[in-house]
Amino acid sequence: MFYFILRRILQIIPVIIGVTLILFTLMYIIPEDPAKLILEKGATPEALQNLRVKMGIDKPVYVQYWRYIKQLAKGDLGTSYRYRRSVNSILADHYPNSIKLALAAIIIEVIIGIFAGIVSAVKKFSFWDILVTISTTIAVCVPVYWLGMMLQVAFGLKLGWLPMSGMGDGSLRYYILPAITLASVSTAFVARMTRSTMLEVLSNDYITTAYAKGLSNNMVIGKHALKNALIPVVTLIGVDLGSLMGGAILTETVFNWPGVGRTIYLAILQRDAPVVIGGTIILVIIFVAMNLIVDIVYALLDPRIRYEKKEIQI
Amino acid sequence: MTETENNKILEVKNLSTYFYTDDGVVKAVDDVSFDLKKGETLGIVGETGCGKSVTALSILRLIPQPLGRIVAGEIIFEGRDLLKLGQKDLQNLRGNKISMIFQDPMTSLNPVYTVGNQVMESLIVHRKLKKDEARREGLKLLEMVGIPEFKRRFNNYPHEFSGGMRQRVMIAMAIANSPSILIADEPTTALDVTVQAQILELMDELKYKTNSSIIIITHDLGVVAKYANRVMVMYAGKPVEFSSVDNIFYKPAHPYTIGLMKSVTRLDEEKRGKLKPIEGLPPSLIDLPKFCIFRARCKYACDECKGEYPPLKEIEKDHFVSCYRGKEFMEGIIERFDN
Ligand SMILES: Nc1ncnc2c1ncn2[C@@H]1O[C@H](COP(=O)(O)OP(=O)(O)OP(=O)(O)O)[C@@H](O)[C@H]1O
Ligand SMILES: [Mg+2]
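Residues numbered from 1 in each chain as written. Chains lettered and ligands numbered in written order. Predicted model: local features only at pLDDT ≥ 70, side-chain atom pairs only at ≥ 80, totals over all residues. Heavy atoms only, no water.

All right, on to the overall build of chain A then. Along chain A, the regular secondary structure elements total 14 helices and 0 strands. Ordered by position from the N terminus, the helices and strands of chain A form the series α-α-α-α-α-α-α-α-α-α-α-α-α-α. If you line up chain A on its principal axes, its C-alpha atoms span 85 × 60 × 30 Å. Per-residue burial over chain A gives 45% buried out of 314 residues. Restricting the contact set of chain A to residue pairs at least 6 apart, pairs at least 24 apart contribute 71%. Accessible surface, chain A as shown: approximately 16,400 Å² in total, 69% of it carbon and sulfur. Between the averaged position of the 29 positive side-chain charges in chain A and that of its 19 negative side-chain charges there is a distance of 2 Å. (Helix = DSSP H or I, 4+ residues; strand = E, 2+ residues; numbered from the N terminus. Buried < 20%, exposed > 50% of the residue type's maximum accessible area, 1.4 Å probe, protein only. Contact = heavy atoms within 4.5 Å. Areas by Shrake-Rupley, 256 points an atom, 1.4 Å probe, with all protein chains shown as cover. Lys, Arg positive; Asp, Glu negative; His and termini not counted. Charge placed at Lys NZ, Arg CZ, Asp CG, Glu CD.)

Take a look at the structure:
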């Protein structure tokens, strides 16, 4: 297990090199002079040139890139053009908010998605099943920002039950709408996946065995079927955790949520390359870390996987 | 009379189980009656798809819902009709008084729980044992069914067991609460020949130890000959002959049974080939003929056979057959083993 985790962590390195390379090239292509962004409109050419030298952006792009990588190896994400603050500290300010929102979304996704999936599998073709099928279809089809705005209008503006945007004092009320928005698509996927794996699992011989032993319906479904059905669902959720972080860009922007997604969005508008690149790197790291956690959970759920891994190590 | 009545531990009367599929109503089990005596082993044989498993599953009411439904009949056990039991009583019965072993040990155990956990579960559910008591009992059971290193194996997962060992675990689970009836649906079909014999011996031995009765479903007439006391031969969802092993083997009275016997001798001669008893295919269970279901494949069909379906008739003591010419077959008036 240890080597497995180590290998997965080392795998992040080439991914980060690739990501930075792409972003660096993109940001470089944009014909915008960072020095002009920083200095006032009327700055003299000499002042601009001085600043460029100081920032190192007078050098060819590969030199800049090499410098960035060296910095990155030390954990330094550089300095924001716009705010003249270290990217590390900007991201550190916003990351907790994003993670909190993502966690809220995951809780919704796991609880509602799995529950809806189980109900619709166990009560196949019932009213509940049809309801789940229809609402998941809608959730998948509707664009995230549209859903976000509709929720804002309905529950914020018209009914006035919940705050429309921002994080306010950070109380739970502020989380509800953005978390639902962020979780909508994934919850639908989780519900559908749970339904289909549950149906498949319920047709297995060991389910008949469990009934033949005299177990109650709840025991058969809750113990024997659920654990098997959740194995693929956990993978889905895991892959999804990463994309939740990415999906947060839209949701955070719509809801004015002070997280990294919105920070990256604003940084793109402001051509603040270090923030864009640094934020993305953090997204990648979180994505890989989430996948790793999922693989570990997966191995805990499924003894067959654990067994194979043991064998690989020897 | 009363003595033989009391001797019956299970009585199935006019059981019909249908599947309501898109193609039509599949009469998987149609008007089946039989009984099981205390301490006996009853064999159920017949070609694939003739309703053996569905008969067995019906007894424990394990028919896959919502397609399948038991539409008629009574299953009398300990003075109660199992078909009328409520959920709670049914759960108390399953795996306790009547338990079941399935064909494929590779898929019959849950892959994500340890073998010990699954054995303990049977004990905890019915005997309300505490965890450590259940563990002790579970270990005893694994030892009893002959699992080597059972202490260590207790915490293994099913995938770490061979097919034969898994079937032993299934047996351990099935006998955990000393059931009066053990139903085994082709318990050895998926296993190697040598392992087959071991499992069957084990079941037979445990039957004597626990003084229970066994219903064994099989394709293998050798198994029937060796372990069964009585045999029910099924064809297209109906019993066509029901009698003692000796009668079935030496005085078969139904052309289908005769065909099955012939296929065994043929197999012995050629030592190969699949079991293909009789020319032709069984009828579709969706629209069964009104007349004898075997007529289309029967060389001996006569005018009478065009009439109604021949009911199961007792042609001699404890020898039931559903054929108009059954007596002629039994008495050898029609040459049994001609071509
Ligand atoms: N879940 C189901 N849905 C529809 N039809 C079914 C179902 N299960 C069984 N049947 C039908 O019932 C009939 C009897 O099946 P059953 O499993 O009892 O046969 P069997 O005698 O046990 O055969 P085998 O020797 O292959 O196990 C089959 O023809 C099959 O088509
Ligand atoms: Mg079968």
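Residue and element names in this part refer to chain B. If you check the shell around ligand 1, you find 16 residues, and the closest are Thr48, Gly49, Lys52, Ser53 and Val54. His219 is positioned with one of its side-chain polar atoms (N or O) 3.0 Å from an oxygen atom of ligand 1. For the shell around ligand 1, the secondary-structure elements that each account for two or more residues are β1 (8–21), β2 (24–37) and α2 (52–59). In terms of residue count, the dominant contributor to the shell around ligand 1 is α2 (3 residues). (Near = heavy atom within 4 Å. Polar contact = N/O pair within 3.5 Å; in protein donor to acceptor, adjacent residues only side chain to side chain.)

With that settled, the discussion passes to the interface of chain A and chain B. Every contact between the two is made by 22 residues of chain A and, on the other side, 26 residues of chain B. Together, the buried faces of chain A and chain B total about 2,100 Å²; carbon and sulfur atoms form 58% of this surface. Looking only at chain A, the three residues that lose the most surface to chain B are Ala212(A), Lys213(A) and Lys223(A), adding up to 27% of its buried area. At the boundary of chain A and chain B, one finds 2 salt bridges. Here Lys223(A) makes a salt bridge to Glu121(B), at a shortest N to O gap of 3.0 Å. Counting every contact that joins chain A to chain B gives 14 residue pairs in polar contact (both at pLDDT 80 or more). (Buried area = accessible area lost by both parts, 1.4 Å probe. Salt bridge = Lys/Arg side-chain N within 4 Å of Asp/Glu carboxyl O.)

All names here are of chain A. Taken N-terminus to C-terminus, the directions of helix α6 (residues 87–122) and helix α12 (residues 260–269) make an angle of 135°; their axes are 7 Å apart at the nearest point. Classified by the interaxial angle, the pair formed by α6 and α12 is oblique. For the pair α6 and α12, contact is made by Ile90, Leu91, His94, Tyr95 and Ser98 and by Val260, Gly261 and Thr263, respectively. For the contact of α6 with α12, the per-class residue count stands at 4 nonpolar, 4 polar and no charged. (Axes fitted to C-alpha atoms, helices over the stretch in contact; angles between N-to-C directions. Parallel < 35°, antiparallel > 145°, perpendicular 65-115°, else oblique. Nonpolar A, V, L, I, M, F, W, Y, C, P; charged D, E, K, R; others polar.)

Residue and element names in this part refer to chain B. Each assigned domain of chain B is listed here: domain 1 (3–228) and domain 2 (233–330). Spacing between the C-alpha centres of domain 1 and domain 2 amounts to 27 Å. For the pair domain 1 and domain 2, the summed buried surface comes to about 1,900 Å²; carbon and sulfur atoms form 67% of the total. The interface formed by domain 1 and domain 2 includes 2 salt bridges. For the salt bridge of Asp30 with Lys238, the shortest nitrogen-to-oxygen distance reads 2.9 Å. Our count for the domain 1 to domain 2 interface comes out at 7 residue pairs in polar contact (both at pLDDT 80 or more). Among the elements that line the side of domain 1 that touches domain 2, the one with the most residues is β2, at 12 residues. Broken down by class, the residue content of the side of domain 1 that touches domain 2 amounts to 14 nonpolar, 7 polar and 7 charged. (Domains from an automatic or database assignment.)

Once that is clear, we can look at the sheet that holds β1(B). Backbone-to-backbone hydrogen bonds pair the strands of a sheet. The strands run either parallel or antiparallel. Residue and element names in this part refer to chain B. Spatial ordering of the open sheet is given by β2-β1-β4-β5, a layout of 4 strands whose pairing is antiparallel. At either end of the open sheet lies a strand with only one pairing partner, and these are β2 and β5 (80–81). Summarising the sheet, β1 and strand β4 (residues 68–77) pair through 8 bridges and their orientation is antiparallel. When the sheet's bridge partners are listed, Lys13 is paired in β4 with Glu74. This element, α2, spans β1, β2 and β4 of the sheet and lies at about 115° to β1. (Pairing = 2+ DSSP bridges.)

Let us look at the pairing of strand β11 (residues 313–316) of chain B. Strand direction decides the pairing type here: β11(B) and strand β12 (residues 319–321) of chain B, joined by 3 bridges, are antiparallel. Each bridged residue has a counterpart across the sheet, and for Lys313(B) the counterpart in β12(B) is Val321(B).

Residue and element names in this part refer to chain B. Inspection of the secondary structure puts Ser212 in the loop between α9 (193–210) and β8 (213–218). Once the C-alpha coordinates of Ser212 and Glu40 are considered, the two residues, 172 residues apart in sequence, prove to be 7.7 Å apart. Leaving out residues up to four positions away in the same chain, Ser212 has contacts with Gly39, Pro179, Ser180 and Lys207. Side chain to side chain, Ser212 and Thr210 meet in a polar contact 3.2 Å long.

Moving on, we get to the packing of aromatic side chains. In this description, an aromatic ring pair is defined by two values, namely the gap between the centres and the angle between the planes. Residues and elements named next belong to chain A. Enumeration over the complete set of coordinates arrives at 9 aromatic pairs over all chains. For the ring pair Phe24 and Tyr65, a centre distance of 5.3 Å and an interplane angle of 75° mean the geometry is edge-to-face. Taken together, the positions of Phe24 in helix α2 (residues 12–29) and Tyr65 in helix α5 (residues 61–73) put the pair 41 residues apart, joining distant regions of the chain. The exposure classification of Phe24 matches that of Tyr65, with both residues buried. Taking the centre distance of 5.0 Å and the plane angle of 65° together, the rings of Tyr175 and Trp257 count as edge-to-face. Residue Tyr175 is located in helix α9 (residues 172–202), and its partner Trp257 is located in the loop between α11 (217–254) and α12; the two are separated by 82 residues in the primary sequence. (Phe/Tyr/Trp six-rings, centres within 6.5 Å; stacked < 30°, edge-to-face > 60°.)

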